[in-house]
Amino acid sequence: MKKVLFLLIVLPHLLFSQSKNDNADQEVEQTFFHKPQFYFYISHHINKGEHFLADGHKPDFFGGGIQINFIKYHNVKFGLGWEYHEYNVTDKSTIGNINSSFYHAAFAKFQYQWDILKRWSIEPYLGLGATRIQQRYINSARDDFYGMNFYAGGNFTFKLTKYLSVFTGINYNNIRFNINTNSNWKDYFNKVNQIQMQFGIILTVDGNKGL
Amino acid sequence: MKKIFFFALGLLCLNCTTIQYDVSTRLVFEGQVNDRQGNPISNNDIEAWIKNASDIDLIGFTTTNSDGHFELVIPSPKNETDFEITVKGNSIYRGKKYINIYRTDFQDYYFNVGEITLLELEDISELRITLNQTNQENTITDIQVSGVLADQTIWVNPVQEEYPEHYHDSYYKQVAKNQALNLLYEVRNNTSGQTNQFNEIINVGSDDTTPYVINY
């Protein structure tokens, strides 16, 4: 564990030391960045309400995701990401004799980086994405269905070093699926509201401003 | 090489017969399970089965709620169109199967099985009709019994018999006790070709068997 922590802290320095900018004035004036920022995180899903994920499933305690921010203009960042979470079916009367469902989402997010202290930042964001629910039924065969999702949330980040930060985040996720079913069951399958929580690290190639 | 070829062919065939599902389409079954007096039967197991020529899947199951009501939602099979709903029996009630439910029976992805009456095992009598041929030129061509029946298989879409049914010696039916059944049968005279219909009432008592005789 110590080795992993050591690598996480030292590796970004070794990797990105070439991109270090010694001219502090130039750093302040620069408004457009194209060097990426990588988010690696574990996530926790909280589903509430009358929909198939809340009523018929139980999510694994942790899922995971990545996000790459590759455009930054002033303090507004744009990034793309992917996340994954596994669910176990708990109500076979509404879901069918299916063992597991797998949540995949690809998304794009606009984030605003608000540096409240030298090392602390808040990043509110809005995002859009596409969700795929893959279901594994009898004989391990699989099939899937798709939806569109909208994110609104924020991260709370702490800059550990010039290149490494840790963050925790929370967001609301609204998903609209397109399941063909009886009109009484459409909302159950097609309208999902969930809260997602994340905890992870951020590797900033260009270096954290001010450190 | 031959072995590999046949192994691959076998795998391919296995894949062909496995039932595949379209999880983006969900079909809904609904029904109400009561006893003979109309009281709801709660916590009764309900199963949905899908089958093709060589495979059968239990694709969904539930139990009735305290009102005897159930709703069961399943993913739609991609190719199969033949569904079966099994209302399981237990040590008190005799179960039922609703078979030959076709995809075309669904309206707005919904099929209502309706009211399902389960009879208590102790409330079932076996109707034994003896077919006593008194005229050698006569043949029974049809027998229908209506009333409270204890059939275990309900054909939602009856299959057309390829050959006409023949009635000889006896006819058996599981029915509820303590009722008056309506018996309808047809007798054809093979010489004249004339067919006559007869309608009779059978009173079923509380015995486990109910004998009856048709003289034709």
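Residues numbered from 1 in each chain as written. Chains lettered and ligands numbered in written order. Predicted model: local features only at pLDDT ≥ 70, side-chain atom pairs only at ≥ 80, totals over all residues. Heavy atoms only, no water.

Asker: Can you walk me through the overall build of chain A in this structure?
Answerer: From N to C terminus, chain A includes five helices and 11 strands. Out of the 211 residues belonging to chain A, those deemed buried represent 47%. Within chain A, contacts between residues separated by at least 24 positions form 66% of all contacts whose residues are at least 6 apart in sequence. Per element, the accessible surface of chain A, about 10600 Å² overall, is 63% carbon and sulfur. (Helix = DSSP H or I, 4+ residues; strand = E, 2+ residues; numbered from the N terminus. Buried < 20%, exposed > 50% of the residue type's maximum accessible area, 1.4 Å probe, protein only. Contact = heavy atoms within 4.5 Å. Areas by Shrake-Rupley, 256 points an atom, 1.4 Å probe, with all protein chains shown as cover.)

Asker: I tried to follow the sheet that holds strand β4 (residues 69–77) of chain B on my own but got confused; where do I start?
Answerer: All names here are of chain B. Ordered in space as β4-β1-β7, the three strands form an open sheet in which the pairing is mixed. The open sheet terminates on both sides in strands that have one partner only, identified here as β4 and β7 (110–117). Recorded for the sheet is a direction-independent mean angle of 25 degrees between the axes of neighbouring strands. Strand direction decides the pairing type here: strand β1 (residues 21–34) and β4, joined by nine bridges, are antiparallel. (Pairing = 2+ DSSP bridges. Axes fitted to C-alpha atoms, helices over the stretch in contact; angles between N-to-C directions.)

Asker: Help me out: how do you make sense of the pattern of salt bridges in this one?
Answerer: A side chain with one charge may pair with a side chain of the opposite charge, provided their charged atoms come close. All names here are of chain A. Inspection of the entire model under this criterion finds 11 salt bridges over all chains. Salt-bridge contacts for K77 lead to E123; the nearest nitrogen and oxygen are separated by 2.4 Å. Of this pair, K77 sits in strand β5 (residues 76–89) while E123 sits in strand β8 (residues 120–136), placing them 46 residues apart in sequence. Neither residue differs from the other here; K77 and E123 are each classed as buried. (Salt bridge = Lys/Arg side-chain N within 4 Å of Asp/Glu carboxyl O.)

Asker: Sorry, what's going on with the environment of V187 of chain B here?
Answerer: Residue and element names in this part refer to chain B. Considering the arrangement of structural elements, one finds V187 in strand β12 (residues 179–189). Between the C-alpha atoms of V187 and N138, which are 49 residues apart in sequence, the distance is 6.4 Å. Those residues within four positions of V187 in sequence are excluded, and the remaining contacts are N138, T139, I140, T141, Q194, T195, N196, F198 and Y216.

Asker: Help me understand the side chain of Q134 of chain A in this model?
Answerer: Residues and elements named next belong to chain A. Tracing the sequence through the fold places Q134 in strand β8. Separated by 3.0 Å, the side chains of Q134 and R142 make a polar contact. Q134 has contacts with S100, S101, F102, H104, R142, D143 and D144, leaving out every residue within four places of it along the chain. (Polar contact = N/O pair within 3.5 Å; in protein donor to acceptor, adjacent residues only side chain to side chain.)

Asker: What should I look at first to understand the pairing of β1 of chain B in this one?
Answerer: Along a regular strand, successive side chains alternate from one face of the sheet to the other. All names here are of chain B. With 12 of 14 residues buried, β1 is to be regarded as a mostly interior element. Of the strand pairs in this sheet, β1 and β7 are connected by seven bridges, and their pairing is parallel. Pairing of V33 across the sheet is with I116, part of β7.

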